[in-house]
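Below are the chains, spelled out letter by letter.
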Amino acid sequence: MAFSPSGIMSDLDRILYSAEEIQTRVCEMAREIESNYAGRTLTVVALMDGALFFVADLLRKVNLPVHLVTLSASSYHGTMASSGEIRIQWPASVDFAGKDVLLLDDILDTGLTLAELQKRLSEQNPASLRTGVLLTKKKPRTVEIRADYSGFEIEDEFVVGYGMDYQGRFRNLPCIGILKP
Ligand code: 5GP
Ligand code: MG
């Protein structure tokens, strides 16, 4: 069927994952997390704003006690390529020592963001530290890192929707797609 978008979808060239496909995969990830952390309490560190929708949907499907900490980290400063410089707004009074920490982000791209956060969190002696992303880009990483939980592997293209923006827009698209050139 031809893709004939309207409204907020009209800037998309194509859809990579529909809202339904995302929900199906997020449910599978929730089951995987539940079985790995059975009987424990999760401390989720969610990177805003990109992971907002992913984390909201995922955590509501995880049947475990959860503490949620949100952090702001940015490496794309209004562009389509990582600047390589990670800005993190660290929470003032959260103690991660002895906690089962799960770090969640929207996309694993160069790896700089997750690696930096992983380093900062591991310095605080959590009982365990795992990472999860909705999307992993198929490309060589600037730093060697892979996510313990990953929703989809995608080509090295700039995506928007389901929390992910271009210059602050498109976060509220229900699907994930590629913008028109
Ligand atoms: P990394 O540090 O791995 O290079 O980049 C991770 C961050 O860059 C993600 O949290 C995400 O905010 C942003 N990012 C990477 N690729 C894309 C993309 O294709 N689209 C959007 N909107 N953001 C991206
Ligand atoms: Mg991000």
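Here is a short report on the structure shown in this document. Only a predicted model underlies this, so the values are computations on that prediction, with no experimental measurement involved.

1. Here we look at the site of ligand 1
Then, in step 1: Around ligand 1, the structure places 17 residues, and the nearest of them are Asp-106, Thr-110, Thr-113, Val-159 and Asp-165.
Then, in step 2: Take Asp-106: an N or O atom from its side chain is 2.7 Å from an oxygen atom of ligand 1.
Then, in step 3: Contact with the protein chains covers 92% of the free accessible surface of ligand 1, which is 510 Å².
Then, in step 4: Broken down by secondary-structure element, the contributors of at least two residues to the shell around ligand 1 are strand S5 (100–108) and helix H3 (112–122).
Then, in step 5: When its residues are assigned to classes, the shell around ligand 1 shows six nonpolar, five polar and six charged.

2. Quick notes on the nonpolar core
Then, in step 1: In terms of nonpolar packing, the biggest core is built from 31 residues, with Phe-54, Leu-58 and Leu-135 touching the most fellow members.
Then, in step 2: Elements with a contribution of two residues or more to this core: helix H1 (19–36), strand S2 (42–48), helix H2 (52–61), S5, strand S6 (128–137), strand S7 (149–154) and strand S9 (176–179).
Then, in step 3: The element best represented in this core is H1, accounting for five residues.
Then, in step 4: Filtering out sequence-adjacent residues up to four positions away, Leu-58 remains in contact with Val-26, Met-29, Ala-30, Ile-33 and Leu-104.
Then, in step 5: Core analysis: the second largest hydrophobic core is formed by 16 residues, Val-69, Ala-73, Leu-114 and Val-133 among them.

3. Points about unusual backbone geometry
Then, in step 1: In this model, Met-48 is joined to Asp-49 through a cis peptide bond whose omega is 0 degrees.
Then, in step 2: A positive phi angle, near 50 degrees, is found at Tyr-162, a position not held by glycine.
Then, in step 3: Note on placement: Tyr-162 falls in the loop between strand S8 (159–160) and S9.
Then, in step 4: Residues other than glycine seldom take positive phi values, yet Phe-170 does so here, at roughly 80 degrees.
Then, in step 5: Along the chain, Phe-170 falls in the loop between S8 and S9.

4. Description of the packing of aromatic side chains
Then, in step 1: One pass over the full model with this rule turns up four aromatic pairs.
Then, in step 2: Seen from the ring of Trp-90, Arg-120 lies directly overhead, with NZ or CZ sitting 4.6 Å from the centre.
Then, in step 3: Sitting above the plane of the Tyr-37 ring, Arg-130 keeps its charged end 5.1 Å from the centroid.

5. Describing the sheet that holds S5
Then, in step 1: The six strands are arranged S4-S3-S2-S5-S6-S7 in an open sheet whose pairing can be described as mixed. Single-partner strands in this sheet number two, and they are strand S4 (87–89) and S7. Ignoring strand direction, the axes of neighbouring strands in this sheet form an average angle of 25 degrees.
Then, in step 2: Both strand S3 (residues 66–74) and S4 contribute to a ladder of three bridges, which runs antiparallel. In the strand pairing of S4, Ser-74 is matched with Arg-87.
Then, in step 3: Across the sheet, H2 lies against S2, S3, S5 and S6, angled at about 135 degrees from S5, the strand it touches most.
Then, in step 4: Along the sheet face, H3 touches S2, S3, S4, S5 and S6 and points at about 165 degrees away from the line of S5.

What counts, and where the lines are drawn
Residues numbered from 1 in each chain as written. Chains lettered and ligands numbered in written order. Predicted model: local features only at pLDDT ≥ 70, side-chain atom pairs only at ≥ 80, totals over all residues. Heavy atoms only, no water. Near = heavy atom within 4 Å. Polar contact = N/O pair within 3.5 Å; in protein donor to acceptor, adjacent residues only side chain to side chain. Areas by Shrake-Rupley, 256 points an atom, 1.4 Å probe, with all protein chains shown as cover. Helix = DSSP H or I, 4+ residues; strand = E, 2+ residues; numbered from the N terminus. Nonpolar A, V, L, I, M, F, W, Y, C, P; charged D, E, K, R; others polar. Core = buried A, V, L, I, M, F, W, Y, C linked by side-chain atoms within 4.5 Å. Buried < 20%, exposed > 50% of the residue type's maximum accessible area, 1.4 Å probe, protein only. Contact = heavy atoms within 4.5 Å. Phe/Tyr/Trp six-rings, centres within 6.5 Å; stacked < 30°, edge-to-face > 60°. Lys NZ or Arg CZ within 6 Å of the ring centre and 35° of its normal. Pairing = 2+ DSSP bridges. Axes fitted to C-alpha atoms, helices over the stretch in contact; angles between N-to-C directions.

Spatial relationships are all this shows, so hold off on functional conclusions.
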